[in-house]
Amino acid sequence: MNRRNFMTGMARTAALATLAKCLSASSATAKVLLATGIAADPRRPQFHFLPAFNWMNDPNAPIYFNGRYHIFYQYNPNGAYWGDMHWGHAISSDMVHWKHLPMALAPTPGGPDADGCFTGTAVLQDGRATILYTGVHAAPADQATSKDGPHSLCETQCLATSDDPELRTWSKLATPVISAPPPGMQVNGFRDPSPWRQGDWWYLVIGSGIANQGGAVLLYKSKDLRNWEYVSILAGRNQNGARTFDAFDPWEVWECPEFFSLGERHVLIYSTSGKAFWQSGVLDSARMTFRAEHSGILDYGSYYAPKTQLDQSGNRILWGWIPETRPLEEFKAAGWAGLMSLPRVLSMGSDGLLRIAVAKEIEQLRRQEQRLDLTVGENLCRSQIASMRLEVCSGEILLQARRGSDPFEMALCELAKDAAPWVTVQYHPLYPGQVSIDARPLTVAFGDGEDLEIRMYIDGSVIEVFVNEQIAITRRFYCSGGNPQNLHLRWQGKTAVIARLSLWQISPISADRLTT
Ligand code: DQQ
């Protein structure tokens, strides 16, 4: 970084901080100026979805409806920090390019969601779009279901419907459809409803935690989405034999649960303590009990509160919130915080383990492939790798490498000499069932003779890394200075292990980085 870049960067940050403050006063001029700053922010992703301004967190109610994809998300219209939860909304024909629509849900003064419209799920009931979501309002401690710092919140499950072909407008029921946790149950949280249709019934899971027992997923059933009967605890820390012996926080809540069939099995996902988890197993649909057989982590990096939908071909698509990892004051000043992961297709391996792959739709953004010519011998391969570039911090990398008797390492770096790598991938034949990402060893169930396959999607300040469709790890990077970085690869070990190495530039999804 040179001094000029540094000064430009500092000046921009200071100006954006002032503008972010003005924005809470909703000044149109401030918005225009902030947009200008955001459009020039080298840390702002260009092919991931995020709102034009301000804070976003969980994906909400993704649904394919009327020939279009809709994504809703937790949104703070007042600035780039968590609070005053509304639902942002965007529409797409391909899950890649988005158009922002007006906010879909806002708190109703005096209503059950007066202090926030929290996470929820969309379903179609007789063709009509219906959302179940958690409404929160401040309540005395003895009526609270959750504590947010010094504040006591009452969480109830609310319902809204839309008859608009673009789901722009929603009508809320005035009273919650589930107004309290099961009688006698002392909960640490009661939120994020996720319904599905099964036979003649609607079922619903709600994220919860039972005092001194830990996280739990509560199961309800209904004939009409409006009158709900509590059934049982479907899963939890002390259920299914899973995770029972870990040390746990007595205030633990399993947030954003979702339960769905995938291949021959059923899958539960939930988020807690900053990580998103999955379990796969067997549902006894007569008793409505779930026996987990396998479990894992959906993403080892900055990734939380994922939510799924079916795409137009019936694939199970996972969306997740990628949070900031830089200090609050920095992202507040930037005027934006949080983004949506790329759409990930989930499938079930015959071994009962989850497989995760980025949706093929993203490939339309590829341009300018640089592919390593493997026929030229060791020295020329090395110089080819050294000359490959990803410009302006926006691209995709695919590595396929043979797991033989030679160790190797691939690092993604800025061009500056001796710059610390942004991501390092290592393989060592002493540990044939492992790959290390940034020195963290991760177990991969390789088939006989199966190559190591690494895919990376690099975008401004985020890198999504995938290993053999089994492991995902999302990293954040905040370059200093005012310009996006050009990146290159450093290879250690014999290049003869490489079966394929390709880099693509990735096109932005909008002209102005506002993802409109
Ligand atoms: N975020 C929402 C909650 C959910 C949490 C509030 C998970 O509904 O439990 O913004 O990130």
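Calculation criteria
Residues numbered from 1 in each chain as written. Predicted model: local features only at pLDDT ≥ 70, side-chain atom pairs only at ≥ 80, totals over all residues. Heavy atoms only, no water. Near = heavy atom within 4 Å. Polar contact = N/O pair within 3.5 Å; in protein donor to acceptor, adjacent residues only side chain to side chain. Areas by Shrake-Rupley, 256 points an atom, 1.4 Å probe, with all protein chains shown as cover. Helix = DSSP H or I, 4+ residues; strand = E, 2+ residues; numbered from the N terminus. Nonpolar A, V, L, I, M, F, W, Y, C, P; charged D, E, K, R; others polar. Pairing = 2+ DSSP bridges. Axes fitted to C-alpha atoms, helices over the stretch in contact; angles between N-to-C directions. Phe/Tyr/Trp six-rings, centres within 6.5 Å; stacked < 30°, edge-to-face > 60°. Buried < 20%, exposed > 50% of the residue type's maximum accessible area, 1.4 Å probe, protein only. Lys NZ or Arg CZ within 6 Å of the ring centre and 35° of its normal. pLDDT = per-residue confidence, 0-100. Contact = heavy atoms within 4.5 Å. Domains from an automatic or database assignment. Buried area = accessible area lost by both parts, 1.4 Å probe. Salt bridge = Lys/Arg side-chain N within 4 Å of Asp/Glu carboxyl O.

(A) Structural context of the site of the ligand. Asp58, Gln74, Arg191, Asp192 and Glu255 are the nearest of the 13 residues found near the ligand. In this structure, Gln74 approaches the ligand through a side-chain N or O atom, which is 2.7 Å from an oxygen atom. With respect to the ligand, the side chain of Arg191 contributes an N or O atom lying 2.8 Å from an oxygen atom. About the coverage of the ligand: the protein hides 93% of its 310 Å² of free accessible area. Elements represented by at least two residues in the shell around the ligand include exactly strand 1 (54-65), strand 5 (117-125), strand 10 (187-198), strand 14 (255-262) and strand 18 (304-310). Of the residues in the shell around the ligand, the class split is six nonpolar, three polar and four charged.

(B) Looking closely at the sheet that holds strand 10. An order of 10-11-12-13 is seen for the four strands of this open sheet, with the pairing classed as antiparallel. In this open sheet, the two edge strands, each paired with only one partner strand, are strand 10 and strand 13 (229-236). Going across the sheet, the axis of each strand differs from the next one's by a mean of 25 degrees, ignoring polarity. The pairing of strand 10 with strand 11 (residues 201-210) spans nine bridges and is antiparallel.

(C) Representation of the packing of aromatic side chains. The tally for this structure, following the rule as stated, stands at 22 aromatic pairs. Centre to centre, the rings of Trp98 and Trp319 are 5.8 Å apart; their planes meet at 70 degrees, and the pair counts as edge-to-face. Placement of the pair is Trp98 in the loop between strand 3 (86-92) and strand 4 (99-105) and Trp319 in strand 19 (residues 316-322), with a sequence separation of 221 residues. Using a relative accessible area of 1% as the deciding quantity, one classes Trp319 as buried. A centroid spacing of 3.7 Å and a plane angle of 10 degrees characterise the contact between Trp254 and Tyr270, whose relative ring orientation is stacked. Note that Trp254 is positioned in the loop between strand 13 and strand 14 and Tyr270 in strand 15 (residues 265-272), a separation of 16 residues in sequence. An aromatic cluster is present here, built from Phe49, Tyr73, Tyr75, Trp98 and Trp319 joined pairwise through their rings. The ring of Trp504 has Arg366 sitting right over it, with the charged end atom 3.7 Å from the ring centre.

(D) Structural detail: the sheet that holds strand 31 (residues 462-467). Judged by pairing direction, the sheet is antiparallel, and its six strands sit side by side in the order 24-34-25-30-31-32 without closing on themselves. Edge positions in the sheet fall to strand 24 (366-371) and strand 32 (471-476), since each of these pairs with one other strand and no more. Averaged over neighbouring strand pairs, the angle between their axes works out to 15 degrees when direction is ignored. With seven bridges joining them, strand 25 (residues 394-401) and strand 34 (residues 498-506) adopt antiparallel strand pairing. Following the sheet pairing, Glu396 is matched in strand 34 by Trp504.

(E) Spatial organisation of the pairing of strand 19. Judged by how many residues are buried, strand 19 sits mostly within the fold: seven of seven residues are covered. Residues Arg316, Leu318, Gly320 and Ile322 of strand 19 are buried on one face, and the alternating residues Ile317, Trp319 and Trp321, pointing to the opposite face, are buried as well. Hairpin connection from strand 18 to strand 19: five residues lie between these consecutive antiparallel strands, with Gly314 at a positive phi of about 90 degrees. Two strands pair when backbone bridges link them, and strand 19 and strand 22 (residues 344-348) are joined in this way by three bridges, in the antiparallel orientation. Residue pairing in the sheet places Arg316 in a bridge with Leu346 of strand 22. Pairing of strand 19 with strand 21 (residues 339-340) involves two bridges; the strand directions are antiparallel. Within strand 21, the position partnered with Ile322 by the bridge is Leu339.

(F) Focus on the confidence of the model for the protein chain. In the predicted model, the protein chain carries a mean pLDDT of 92, and the fraction of residues at 70 or more is 92%. Segment residues 1-12 is flagged for pLDDT under 50; beyond a separation of four residues in sequence, or across chains, it makes 10 contacts in the model.

(G) View of the domain arrangement of the protein chain. Partitioning the protein chain into structural domains gives domain 1 (3-358) and domain 2 (364-506). Relative to domain 2, the C-alpha centre of domain 1 lies at a distance of 31 Å. Contact with domain 1, which involves 35 residues of that partner, is made by 31 residues of domain 2. Among the residues domain 1 hides against domain 2, the three largest losses belong to Arg43, Phe47 and Tyr300. Together they make up 26% of the total. Our count for the domain 1 to domain 2 interface comes out at two salt bridges. Between Arg476 and Glu324 there is a salt bridge, and its shortest N-O distance comes to 3.1 Å.

(H) Expanded view of unusual backbone geometry. Although it is not a glycine, Asp126 sits at a positive phi angle of roughly 50 degrees. Along the chain, Asp126 turns up in the loop between strand 5 and strand 6 (128-138). The exposed category is assigned to Asp126, whose relative accessible area is 80%. Residues other than glycine seldom take positive phi values, yet Asp418 does so here, at roughly 65 degrees. Here Asp418 is to be found in the loop between strand 26 (408-414) and strand 27 (423-427).

(I) A look at the pairing of strand 23 (residues 354-358). Within strand 23, five of the five residues are buried, leaving the element largely enclosed by the surrounding structure. Burial along strand 23 is two-sided: the residues Leu354, Ile356 and Val358 and Arg355 and Ala357 are all buried.

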